[in-house]
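Survey of secondary and tertiary structure
Next come the chains, spelled out residue by residue.
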Amino acid sequence: MATQAAFAARFPQVAQPARRDRAGAAAAGMPRAGARGVRVAVAVAVGAPRAAVARRGVRCRASLIEPDGGRLVELVAPEEGGRRDALRREAAALPHRVRLGRVDKEWVHVLSEGWASPLRGFMREAEFLQALHFNAIRGDDGRMVNMSVPIVLAVGDAQRRAIQADGATRVVLVDERDRPVAVLSDIEIYKHNKEERIARTWGTTAPGLPYVEEAITNAGDWLIGGDLEVIEPIKYNDGLDQYRMSPAQLREEFARRNADAVFAFQLRNPVHNGHALLMTDTRRRLLEMGYKNPVLLLHPLGGFTKADDVPLSWRMRQHEKVLEEGVLNPESTVVAIFPSPMHYAGPTEVQWHAKARINAGANFYIVGRDPAGMSHPTEKRDLYDADHGKKVLSMAPGLERLNILPFKVAAYDTKQKKMDFFDPSRKDDFLFISGTKMRTLAKNRESPPDGFMCPGGWKVLVEYYDSLVPSEGSSKLREPVAA
C-alpha cells in the first residue's frame, strides 16, 4: 500500500494540511484537515452478504469508507414483518396531506436511500440553521458531518394553521396524484426565511437562479421537518431505474468487483474525451500508488436541472456509447444515477456532491473547474470563482476523510489530434472547446475535431439537438423528446 511520502508526492494538494478559517474547529470535534494523508487506504470486504449491506441501519464493515455517522440510513419501510403494509394503512388514515412537488419528491428519494446520512428526514429548524450557517450538522455521536445544502419541505400558511390547530404530530406526504409516498413523524413547523436561505446558499439574491425559481420562490412560507418513513422505493418508470443504484447497492457492487479504492466523477453534461482522459489518468495514478483495483463511479446527476442542460435520458444514452466504444473500461467503471436535484450553488453545493459520494463508498472525488457553477443570472460573468470549489473542498468541515483530486486542464491537441493535458510550453497547439462551442457544433450538425468525443456519443448529442428543431410552420422550439 502507498506510503505517506508517496501519497504526498502524488497528491500534494490532498496531503497538505488545509488551513482552518474558523478558530476552534478541532476543539468542536472536527478531525484535522491535515489528517487527510494516507489514512484512507481501504481493504474491501470481499463477498459481503447482500442482506448485511441492505439491512436498514446496519453498521458497515471495515471495508469501504464508512458512511457519515457510521451507519447508512435507509428510510424505506421493509416488506418483511408487514411494516410496509402497516405504513400504507397508517398513511391512509392520517388527516393532513402534504403534496410533494417534483423537487420535493427527489429529496424524498435522496433521504430514503441514505445519500444524506445521518439525516433521517426533512430538516427541523436546528438542522436547517446548522446547514445554512455552518455547512455541517451535528450527528448523534456529537461529531460534525458535512451538510452544505438545506434539505427542507415547505408548506403554506393555511396548511400550517390546520396542522397546528389539530396538534398533529404526523402527516402523510403525497404525490401529484394524491397517492401516499411517505409519512413524516414528530414534526416541527418553523418559518421559511427565503431571502436568508437564498443569500446564504447562493451568495446572491439576484433573480434568475434556476433552483430558486423552481423550488423556493413559489413555495410555502413555512418549513416542516421530521422523521421520514417511505412506503416503497421511489421509481420513475422512465427506462432508467436500473441505473438508480442506492448507496447500499453501490457499496455491494464495489465489493463484488473487489474494489480497493473508489473514485467518483459527477457530471451533468455529456462525456467528451477530455473527461475520459481525466478519469483514466486518475485510475493510472491510483494504481501507481499501490491500489490493485480502483473503480470509477461515473455518477451523472439525475434530479432537477436547468432548461438548457441536456436531459438525463439523452445523457445516459451518450454515456452508454462512451463505454460501448471503449473510451472508458466497463470492467472498472460503474455508471449510476445520482438522484439529487441541482442547485447551481458552486462551492456550497459541491460539498453536498462530495459528501453524498462518501455515503456511497467513494474515498476519492474528482473536482473540476467551477464545479456546480453557472453564469451570473443578470451579469455577463461567472457567478463563482472557478477555483473556489476545489479550494473549499480541501478545507470543508466533515470532508476530512475524502481525498479531493483536482482536475488537470485538458484541451484538444491539434498536433496529436486528441484530447490531452494542456502543455503551456506549446500553448498554441491546443484548442479549448467550451461547452457553448460544443453545443453550437451539435446544434448545427457540425463535427468536432477528430478525437474530441467518441463518434457514437457525438451522434447522440446531435440527435438530441435535432429533436429541438422547430416543427414546420412554427417558430417555437419543440420540447425535448425522450431518448
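These numbers were taken from a predicted model, which means no experiment stands behind them. (Residues numbered from 1 in each chain as written. Predicted model: local features only at pLDDT ≥ 70, side-chain atom pairs only at ≥ 80, totals over all residues. Heavy atoms only, no water.)

Glancing now at the overall build of the protein. If you tally the helices and strands in the protein, you get 16 helices and 15 strands. When each of the 483 residues of the protein is scored for burial, the buried share is 54%. Per element, the accessible surface of the protein, about 21,500 Å² overall, is 49% carbon and sulfur. (Helix = DSSP H or I, 4+ residues; strand = E, 2+ residues; numbered from the N terminus. Buried < 20%, exposed > 50% of the residue type's maximum accessible area, 1.4 Å probe, protein only. Areas by Shrake-Rupley, 256 points an atom, 1.4 Å probe, with all protein chains shown as cover.)

Once that is clear, we can look at the nonpolar core. One finds L173 and W352 to be the most contacted residues of the largest nonpolar core, which totals 83 residues. Looking at this core element by element, the count peaks at six residues for strand β6 (residues 180-191). Residues contacting W352, with those up to four places away along its chain left out, are W107, V110, W115, A116, N146, M147, S148, V149, I151, F338 and S340. In this structure, F265, L286, M289 and L328 belong to the second largest nonpolar core, which totals 25 residues. (Core = buried A, V, L, I, M, F, W, Y, C linked by side-chain atoms within 4.5 Å. Contact = heavy atoms within 4.5 Å.)

Hydrogen bonds between backbone atoms are what pair the strands of a sheet, whose relative direction is either parallel or antiparallel. Pairing is parallel in the open sheet, where five strands are placed in the order β10-β9-β8-β11-β12. Each of the sheet's edge strands pairs with one partner strand only, and the pair in question is β10 (333-335) and β12 (403-406). Neighbour-to-neighbour, the strand axes of this sheet turn through a mean angle of 25°, independent of strand direction. Alignment of strand β11 (residues 364-367) against β12, held across four bridges, turns out to be parallel. Of the residues in β12, the one forming a bridge with I366 is L405. Together, β8 (261-267), β9 (294-300), β11 and β12 form the strand contacts of helix α11 (residues 273-289), whose direction differs from that of β8 by roughly 165°. (Pairing = 2+ DSSP bridges. Axes fitted to C-alpha atoms, helices over the stretch in contact; angles between N-to-C directions.)

In low-pLDDT regions, the fine details of the predicted coordinates are not to be read closely. Predicted confidence across the protein gives a mean pLDDT of 87, with 84% of residues reaching 70 or more. Counting contacts from residues 1-62, a segment whose pLDDT is below 50, to residues more than four positions away or on other chains yields 115 contacts. Note on residues 474-479: pLDDT is under 50 here. Beyond four places in sequence and across chains, it has 13 contacts. (pLDDT = per-residue confidence, 0-100.)

Taken as a whole, this structure holds 12 aromatic pairs when the rule is applied. When the ring of F422 is compared with that of F432, the centres are 5.4 Å apart and the planes differ by 55°; the resulting orientation is tilted. Of this pair, F422 sits in the loop between β14 (418-421) and β15 (430-431) while F432 sits in the loop between β15 and α15 (435-443); the two residues are 10 residues apart in sequence, bridging distant segments of the chain. For F422, a relative accessible area of 27% corresponds to the partly exposed category. Residue classification places F432 among the partly exposed residues on the basis of a relative accessible area of 49%. Among the aromatic residues, those joined into a cluster by ring pairs are W107, W115, F338 and W352. Against the face of W222 rests R160, its NZ or CZ located 4.2 Å from the ring centre. Taking the ring centre of W222 as reference, the NZ or CZ of K191 above it sits at 4.7 Å. (Phe/Tyr/Trp six-rings, centres within 6.5 Å; stacked < 30°, edge-to-face > 60°. Lys NZ or Arg CZ within 6 Å of the ring centre and 35° of its normal.)

Burial along β14 is one-sided: M419 and F421 are buried, while K418 and D420, pointing the other way, are not. By the bridge criterion, four bridges tie strand β13 (residues 410-413) to β14 in an arrangement that is antiparallel. Residue pairing across strands places Y412 opposite M419, the latter belonging to β14. The hairpin formed by β13 and β14 contains four residues between the paired strands, and K417 there has a positive phi angle of roughly 55°.

Okay, the pattern of salt bridges next. Evaluation of the coordinates by the stated rule reveals 38 salt bridges. The shortest N-O distance in the salt bridge between D178 and R99 comes to 3.5 Å. Taken together, the residues D178 in the loop between β5 (170-174) and β6 and R99 in strand β1 (residues 97-99) connect sequence positions 79 residues apart. The class of D178 is partly exposed, set by a relative accessible area of 34%. Of the charged contacts in the structure, one is a salt bridge between K390 and D387, with a shortest N-O distance of 3.7 Å. The class of K390 is partly exposed, set by a relative accessible area of 29%. By relative accessible area, which is 34% here, D387 ends up partly exposed. The network of salt bridges with common partners includes D281, R284, R285, E288 and K408. (Salt bridge = Lys/Arg side-chain N within 4 Å of Asp/Glu carboxyl O.)

Take α15 next. Among the residues of α15, those classed as buried are M438, L441 and A442. Viewed along the axis of α15, the buried residues span an arc of 95°, placing them on a single side of the element. Those residues of α15 that are buried lie in contact with α16 (455-466). At the exit of α15 stands R445, carrying a positive phi of roughly 60°. (Arc of directions from axis to C-beta.)

Time to look at helix α12 (residues 312-324). Compared with the 18 Å implied by 1.5 Å per residue over 13 residues, the 18 Å span of α12 between its first and last C-alpha is a close match. By the burial criterion, the buried members of α12 are L312, W314, R315, M316, Q318, H319, V322 and L323. Each element contacted by the buried residues of α12 is listed here: β8, β9, β10 and α16. One or two positions beyond α12, positive phi appears at G326, with a value near 80°. (Expected span 1.5 Å × (residues − 1).)

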